Structures are given as structure tokens and as C-alpha cells.
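Coordinate inspection notes
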Amino acid sequence: MAGPRWTCQRFDDLSVRGLYRAMRLRAEVFVIEQRCIYLDPDGLDEHAWHLQGLGQGVDGGETLLAYARLLPPEIGDGAARIGRVITAPTARGGGLGRALMSQALRECQRLWPGMPIELGAQAHLREFYGSFGFAPTSDVYDEDGIPHIDMRKEPTP
């Protein structure tokens, strides 16, 4: 299988179909699979860039294989933020998560050069994110019943 086709769009540039695919995958993974009952459309989507990894679905149409939401530094505390990191259940096990994070970092560096990048990682993924240069900035805490840890990647000179 060829790698996904990456798109990174502002909220206002998403098609209705693109927004639907993202919201559906986020609900499928975070609400259904991980059993986190929370309001996913949290008011930040319209300020974000939406990174989507698209591939061919079983019906021959385009399907969403991977997704991440990129928030600009002015939304947080002066750092860009990567969140809502997801690979579709049907696309796991082949390195797509690593490809998604590599693409998310490239997009953050393109959009906000020289800025630090933060994320709230599920604690069991600490080493995975550490392999991209993220370091813990908090103790482990509970978020929606799942242990998390805040992490930060400083800009490379």
C-alpha cells in the first residue's frame, strides 16, 4: 500500500466531507474505542490547521487513515500544539503513527518556524513522542480516565 496523501488545511478551507471524516474518526477512536465521554468539538477547531492522511478505502473512494489537529502558538502559551492525534483502527500496525507525527512536525515548522511544540500525550506513548524530541513537562495526570503527560519539543536552532 502506498503512503497516504497528506493535506493540511485551515478550518474554513475544509470541505464538508473533510470535516465530517475528521469528526467521525475522532468520535470513533476517542469516544467509542477509548470510552471518553467529552465534548470533542471544543471551540478550537476553527482556529486550527487540520492534518489529514488520506488513502483509498475499500469502496474505492478516499478514506481518512490518520489525523492531527495543529493549534497556533497564539491559542496556547506561546507554543504550537499538536492534538487529536489518531490513526484509523483499520490502518494501525504499519508505521502510520510515526509518519503522521513526522508530517505534523513538518507542518508545525512550516507554519510556525522557530516555535516550540507541545502536546498532551497518553502516558504509555511517552517513549514514542520522546523519539521525536519531546520531553515531559508535567507529572502523569488523569484526563478522561486515561493517564496523560504534557510534553514539549524545543525548536531546533
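Provided above is the structure to which this section pertains.
Quick look at the structure, then.

Below, the discussion takes up the overall build of the protein chain. Scanning the protein chain for helices and strands turns up three helices and eight strands. When the helices and strands of the protein chain are placed in sequence order, the string is β-α-β-β-β-α-β-α-β-β-β. Here the C-alpha radius of gyration of the protein chain, 15 Å, is about what a compact globule of 157 residues would show, namely 15 Å. Expressed as lengths along the three principal axes of its C-alpha atoms, the size of the protein chain is roughly 45 × 35 × 30 Å.

Turning our eyes to something else, we now look at the environment of Leu96. By secondary structure assignment, the location of Leu96 is in helix α2 (residues 96–111). Taking the relative accessible area as the measure of exposure, Leu96 reaches 11% and is therefore buried. Sequence separation between Leu96 and Asp13 is 83 residues; the distance between their C-alpha atoms is 24 Å.

This part covers the nonpolar core. Of all hydrophobic cores here, the largest spans 35 residues; its most connected members are Leu70, Ile82 and Phe134. Contributing elements (two or more residues each) for this core: α1 (16–33), β2 (49–56), β3 (62–71), β4 (80–87), α2, β5 (117–122) and β8 (146–153). Considering each element in turn, this core owes the most residues, seven residues, to α2. If we skip the residues at most four places from it in the chain, Ile82 touches Ala68, Arg69, Leu70, Met101, Ala104, Leu105, Cys108, Ile117, Glu118, Leu119 and Phe134.

The rules behind these values
The residue count restarts for each chain, going from 1 along the sequence in the order it is written. This being a predicted model, a pLDDT of at least 70 is required before a residue's local features are given, and a value of 80 or more before pairs of side-chain atoms are given or counted; all residues contribute to the totals for chains, interfaces and linings. In computing side-chain properties, one takes all heavy atoms of the structure into account and sets aside hydrogens as well as water. Each helix corresponds to a stretch of at least 4 residues labelled H or I by DSSP, and each strand to a stretch of at least 2 residues labelled E; elements are numbered beginning at the N terminus. Radius of gyration here is computed from C-alpha atoms only, and the compact-globule reference equals 2.2 Å multiplied by the residue count raised to the power 0.38. When accessible area is computed with a 1.4 Å probe and restricted to protein chains, residues below 20% of their type maximum are described as buried, those above 50% as exposed, and intermediate ones as partly exposed. Put simply, a nonpolar core is a bunch of buried Ala, Val, Leu, Ile, Met, Phe, Trp, Tyr and Cys residues held in one set by side-chain atoms that sit within 4.5 Å of each other. Contact definition: two residues touch when any of their heavy atoms are within 4.5 Å.

Such coordinate-based values are descriptive only and should not be taken to indicate function.
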